[in-house]
Amino acid sequence: MTSMSRARVARRIAAGAAYGGGGIGLAGAAAAGLLLAEAHLARRRVGVNTSPHVPNAQGLYGRGYAVPGEPPLRLAMLGDSTAAGQGVHRAGQTPGALLASGVAAIAERPVELRSVALPGARSDDLDRQVALALADPSRVPDICVIMVGANDVTHRMPPTRSVRHLSSAVRRLRTAGAEVVVGTCPDLGTLEPVQQPLRWLARRASRQLAAAQTIGAVEQGGRTVSLGDLLGPEFAANPRELFGPDSYHPSAEGYATAAMAILPTVCAALGLWPAEEERPDASRREGFLPVARAAAEAAREAGTEVTAAMPTGPRGPWALLKRRRRRRLPEPEPAAPSA
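Predicted, not measured: the structure shown is a model, and the values here were computed from it. (Residues numbered from 1 in each chain as written. Predicted model: local features only at pLDDT ≥ 70, side-chain atom pairs only at ≥ 80, totals over all residues. Heavy atoms only, no water.)

Novice: Report on the environment of Leu272, specifying residues and quantitative values.
Specialist: In this structure, Leu272 sits in the loop between helix H11 (252-269) and strand S7 (287-290). With 169 residues separating them along the chain, Leu272 and Val103 place their C-alpha atoms 8.6 Å apart. Not counting residues up to four positions away in its chain, the partners in contact with Leu272 are Val103, Ile106, Ala107 and Cys267. (Helix = DSSP H or I, 4+ residues; strand = E, 2+ residues; numbered from the N terminus. Contact = heavy atoms within 4.5 Å.)

Novice: I'd love a proper account of the packing of helix H5 (residues 126-133) against helix H7 (residues 159-176), names of residues and values included.
Specialist: At a minimum axis distance of 9 Å, the contact between H5 and H7 shows a crossing angle of 15 degrees. On the basis of their axis angle, the class for H5 and H7 is roughly parallel. As for how H5 packs across H7, the hand of that crossing is right-handed. In this structure, H5 uses Leu126, Asp127, Val130 and Ala131 to contact H7, whose residues at the interface are His165, Leu166, Ser168, Ala169, Arg172 and Leu173. Classifying every residue of the contact of H5 with H7 by side-chain character gives six nonpolar, two polar and two charged. (Axes fitted to C-alpha atoms, helices over the stretch in contact; angles between N-to-C directions. Parallel < 35°, antiparallel > 145°, perpendicular 65-115°, else oblique. Left-handed = near helix turned anticlockwise from the far one by under 90°. Nonpolar A, V, L, I, M, F, W, Y, C, P; charged D, E, K, R; others polar.)

Novice: I'd love a proper account of the pattern of salt bridges, names of residues and values included.
Specialist: All chains considered together, the criterion is met by 14 salt bridges. With its nearest N and O atoms 2.8 Å apart, the salt bridge here joins Arg128 to Asp125. Ionic pairing is found between Glu301 and Arg285, a salt bridge with its closest N-O pair at 3.4 Å. One end of the pair, Glu301, is in the loop between helix H12 (291-300) and strand S8 (305-313); the other, Arg285, is in the loop between H11 and S7, and 16 residues separate them in sequence. Under the relative-accessibility criterion, Glu301 is labelled partly exposed at 27%. Accessibility expressed as a relative area gives 52% for Arg285, which makes it exposed. Each of the salt bridges in this network shares a partner with another, and the network as a whole consists of Arg223, Glu278, Glu305 and Arg324. (Salt bridge = Lys/Arg side-chain N within 4 Å of Asp/Glu carboxyl O. Buried < 20%, exposed > 50% of the residue type's maximum accessible area, 1.4 Å probe, protein only.)

Novice: Can you lay out unusual backbone geometry for me, pointing to particular residues and giving the numbers?
Specialist: Even without a glycine there, the phi angle at Arg156 is positive, about 55 degrees. Overall, the relative accessible area of 67% leaves Arg156 in the exposed class. Look at Arg285: it is not a glycine, yet its phi comes out positive at around 60 degrees.

Novice: Please give an account of the confidence of the model for the protein that cites residues and values.
Specialist: Here the protein averages 80 in pLDDT, and 72% of its residues register 70 or above. Taken together, the stretch residues 231-235 has pLDDT below 50 and engages in 20 contacts with residues farther than four places along the chain or on a different chain. Across residues 237-247, confidence stays below pLDDT 50; counting only partners more than four residues off in sequence or on other chains, it has 33 contacts. (pLDDT = per-residue confidence, 0-100.)

Novice: Report on the pairing of strand S3 (residues 111-115), specifying residues and quantitative values.
Specialist: As defined by bridge partners, strand S1 (residues 59-61) adjoins S3 across three bridges and the pair is classed as antiparallel. Residue Gly59 lies in a different strand from S3, and its bridge partner there is Leu113. By the bridge criterion, five bridges tie strand S2 (residues 73-79) to S3 in an arrangement that is parallel. Across the sheet, the residue bridging to Met77 is Ser115, located in S3. (Pairing = 2+ DSSP bridges.)

Novice: Go over the side chain of Thr82 with me, naming the residues and quoting the values.
Specialist: When you line up the elements, Thr82 lands in helix H3 (residues 81-84). Its relative accessible area of 11% is what places Thr82 among the buried residues. In terms of polar contacts, Thr82 uses its side chain to reach the side chain of Asp80, at 2.5 Å. (Polar contact = N/O pair within 3.5 Å; in protein donor to acceptor, adjacent residues only side chain to side chain.)

Novice: Summarise the nonpolar core; cite the residues concerned and give the values.
Specialist: The tendency in soluble globular proteins is for nonpolar side chains to be buried side by side. In this structure, Leu75, Met77, Leu99, Val145 and Ile262 are the most contacted members of the largest nonpolar core, which totals 34 residues. Elements that contribute at least two residues to this core include exactly S2, H3, helix H4 (95-107), S3, strand S4 (143-147) and H11. Top element by residues in this core is H11. It accounts for 10 residues. Contact partners of Val145, with chain neighbours within four places excluded, come to Leu75, Ala76, Met77, Leu78, Leu99, Val181, Ile262 and Val266. Counting residues in hydrophobic clusters, the runner-up holds 22 residues, among them Val153, Leu188, Ala298 and Leu321. (Core = buried A, V, L, I, M, F, W, Y, C linked by side-chain atoms within 4.5 Å.)

Novice: Can you explain H4? Please cite residues and give values.
Specialist: Taking 1.5 Å per residue, 13 residues should reach 18 Å; H4 reaches 18 Å between its end C-alpha atoms and fits that length. Of all 13 residues making up H4, 10 are buried, and the element is well covered by its neighbours. Every buried residue belonging to H4 is among Pro95, Gly96, Ala97, Leu98, Leu99, Ala100, Ser101, Gly102, Val103 and Ala104, and all of these are buried. Tucked inside the fold, the buried residues of H4 contact S1, S2, H3, S3, S4 and H11. (Expected span 1.5 Å × (residues − 1).)

Novice: Hey, could you go over the packing of H4 against H11 for me, with residue numbers and the actual values?
Specialist: Two elements in contact, H4 and H11, have axes separated by 9 Å at closest approach and are oriented at 40 degrees. What the angle tells us is that H4 and H11 run oblique. Like other packed secondary-structure pairs, H4 and H11 cross with a definite hand, here right-handed. On H11, the residues that touch Pro95, Leu98, Leu99, Gly102, Val103 and Ile106 of H4 are Tyr255, Ala256, Ala259, Ile262, Leu263, Val266 and Cys267. Along the lines of polarity and charge, the residues of the contact of H4 with H11 split into 12 nonpolar, one polar and no charged.

Here you go:
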C-alpha cells in the first residue's frame, strides 16, 4: 500500500469517527474462519505469564529540584497496560516513572506523576479516565500522555469508534488546559505467537489505527508519537530482550525504548526543548505535510512525531512531521509521596 493510499484510509477512518460513521474494516473480512482460528491460538499463547500486578509509580520525582513556592509540574498517564507499566516489577521501570524523571531532569523542576491507566483498557475507557484526571480543577495536569489502541485491535473495536473516543479525550484535556501527547497503537504484527496471515493483518490493522489516531488527536490540539518500536522492529529483532516474559508486554528495556521516543515530544509540548530543534530539519526528512500524509508516514516509522502546524487549506489540515533525537533517560529515583 502506497503512502497516499494509507493516508486515504486513515482519513476515511478519522472522518467516520468525526461524523458518526460505522466501523470501517481495518483489514477486511476475508478468510474470517481462518483468522478466528489463528486468533484463538494466539490468545492461548500470549500473556500466559502476565502478572496482574502493576507497580505503583505515582508520586513526586526530582524532588531535589524543589524551590519553595514553585509547584511541581503535573504529569498524568492514561490508557492501557502499556501506559500503566504492566509486565515489569519495579515502579522505576514503568513509562510514567521514566518520563517523570526525564522531564524533571530537563526542566530542573519536580514532576508529580499520577496514573489513571488501566490494564486491558480500550479507547472507550478514556472517558472515565479523563474524568478522573480532571476531577480536581485545582490540579489539572500540565501534560497528559495517552498510550492506547492495542486492545482495540485485538478486540476488534470499530476503528471509527476507537478514534472517536480518543479524539473526545484529547479535546476534553486540551479544553481543561493540559498538553496532550498520544503514543499511537503499537505494531501488533511483531508478537511472537501470532502466525501468518494474522500477523500481516495485525500489522496492517494496527498501523491503520495508528494513522487514524494521529489525525484525530492532532486535529484536537494534541501531539502524537508513533510507537511501532514498542512492539515493532527493535522488538522483532530482539524479542527475548525487549519483550517481557508473556511475549506481549514490553520488558524494562522495552519500556525505556518507548519512553525515550516520547520524552522529546513531551518536553517540546511543555516548552522545554531548544528552540532551534523546533524547526524542521530536511536532512532528517522532517517537514510540513497534509495531516493525513503525515499520519501515514508516522505510522510506518516508530518514534515519529506529528503536531498541528498550519490552518486548514485546500488539502485539509497541515501538520509538522518530526523525527526528534532521543535522549538517554536518567535512572529514576524512588518517588516521594505526593502532597
